[in-house]
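Residue-level structural notes
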Amino acid sequence: MSAYWLIKSEPESYSIDDLKRDKKTPWSGVRNFQARNFMRDQMEIGDLALFYHSSVSPPGIAGIAKVASAPYPDPTQFDTKSPYYDPRASKGNPIWFLVDFSFVKKFKRLIPLQELKDSKLFADMVVTQKGSRLSIQPVAQKHFGKIVTLAS
DNA sequence: GCCAACGTTGGC
DNA sequence: GCCAACGTTGGC
């Protein structure tokens, strides 16, 4: 049973255009247990995700990505030179897991967060909740479909 | 740049 | 196991 997701990224560090160029990327650097658990335990190859641009003006949904690998340990946790290095982790006992995402499409227009907040349709979406900062979230199929409609 | 919200850490 | 202190996220 495939599911839908929302993944946040600061476009200054990695944007939908970067994913379009790279075709595929490991979603490294996630250091939140809830977000990790979604990748490690629930994502399946082929699941679609809304690609969300955060910490920019305006924040919003920029396009669609697709889960392109099974979960595996995030290599940056072992890299002492990486900002995501975690001394508690070892190869035999990794803490952080990720999946690869591949490019699906960039929306013709960014769907601003404010537009979702203004609409009753998205009142129960995680991303529209006050103080919601989870960087990987499940998305209901109905919401996913409505956002695709808004974008086209 | 501010600050509310929230997750994590660590002392007890 | 509680909870205060601290750090981070991310909208504004």
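Residues numbered from 1 in each chain as written. Chains lettered and ligands numbered in written order. Predicted model: local features only at pLDDT ≥ 70, side-chain atom pairs only at ≥ 80, totals over all residues. Heavy atoms only, no water.

Points about the overall build of chain A
Quick reminder of the rule: Every helix listed is a DSSP run of H or I at least four residues long, and every strand listed is a run of E at least two residues long, numbered separately from the N terminus. As a reference, a globule follows 2.2 Å times the number of residues to the power 0.38, and the radius of gyration itself is taken over C-alpha atoms. When accessible area is computed with a 1.4 Å probe and restricted to protein chains, residues below 20% of their type maximum are described as buried, those above 50% as exposed, and intermediate ones as partly exposed. Should any heavy atoms of two residues lie within 4.5 Å, those residues are counted as being in contact. Surface accessibility follows the Shrake-Rupley procedure with a 1.4 Å probe radius. Residue values consider only the protein chains on display as shielding. Positive charges come from Lys and Arg, negative ones from Asp and Glu, while His and the chain ends are left out of the count. A single reference atom marks each charge: NZ on Lys, CZ on Arg, CG on Asp, CD on Glu.
Along the backbone of chain A there are four helices and eight strands. Its C-alpha atoms give chain A a radius of gyration of 15 Å, near enough to 15 Å, the size a compact globule of 152 residues would have. Its C-alpha atoms give chain A principal-axis dimensions of roughly 45 × 30 × 30 Å. Looking at the 152 residues of chain A, the share that counts as buried comes to 45%. Here the analysis covers contacts within chain A between residues at least 6 apart in sequence; of these, 71% occur between residues at least 24 apart. With an accessible surface of roughly 8300 Å², chain A has 52% of that area assigned to carbon and sulfur atoms. Separation of charge centres in chain A, based on 22 positive and 15 negative side chains, amounts to 3 Å.

Comments concerning the UniProt feature "domain: EVE" (unreviewed entry) in chain A
To keep it simple, the criterion reads: UniProt positions are given in the numbering used here, feature names are shortened, and annotations may be inferred rather than shown by experiment.
With numbering matched to this structure, UniProt assigns "domain: EVE" (unreviewed entry) to residues 3-149. Across residues 3-149, helical content stands at 22% and strand content at 30%; the span's end C-alpha atoms are separated by 18 Å.

Observations concerning the protein's contact with DNA strand B
Just so we agree on the cut-off: Consider each residue's heavy atoms; a residue with any of them within 4 Å of a molecule or strand counts as near. Three classes are used, and their members are as follows: Ala, Val, Leu, Ile, Met, Phe, Trp, Tyr, Cys and Pro are nonpolar, Asp, Glu, Lys and Arg are charged, and the others, Gly among them, are polar.
Near DNA strand B you find Asn-32, Phe-33, Arg-88, Lys-130, Gly-131 and Arg-133, and these make up its full shell. Sugar plus phosphate: this is where 74% of the atoms of DNA strand B within 4 Å of the protein reside. Its residues placed into classes, the surface near DNA strand B shows one nonpolar, two polar and three charged.

So, the pairing of strand 4 (residues 60-67)
A regular strand carries its side chains on alternate faces of the sheet. Rules: One bridge is not enough; two strands pair if DSSP finds at least two bridges between them.
Buried residues dominate strand 4, accounting for seven of its eight residues. Pairing of strand 3 (residues 48-53) with strand 4, which is carried by six bridges, proceeds in the antiparallel orientation. Within strand 4, the residue paired with Leu-48 across the bridge is Lys-66. Count of turn residues in the strand 3/strand 4 antiparallel hairpin: six residues, of which Ser-55 carries a positive phi of about 55 degrees. As defined by bridge partners, strand 4 adjoins strand 7 (residues 100-112) across seven bridges and the pair is classed as antiparallel.

Some details on the packing of aromatic side chains
Stated precisely, the cut-off is as follows: Only Phe, Tyr and Trp rings are paired, with Trp represented by its six-membered ring, and only when their centres lie within 6.5 Å; those with planes under 30 degrees apart are stacked, over 60 edge-to-face, the remainder tilted. By definition, being over a ring means that NZ of Lys or CZ of Arg is both within 6 Å of the ring centre and within 35 degrees of the ring normal.
Going through the model one piece at a time under the given rule, you end up with six aromatic pairs. Grouped by ring-pair contacts, the aromatic residues Tyr-14, Trp-27, Phe-51 and Phe-101 constitute a single cluster. We note Arg-40 situated over the ring of Phe-97; from NZ or CZ to the ring centre the distance is 6.0 Å.

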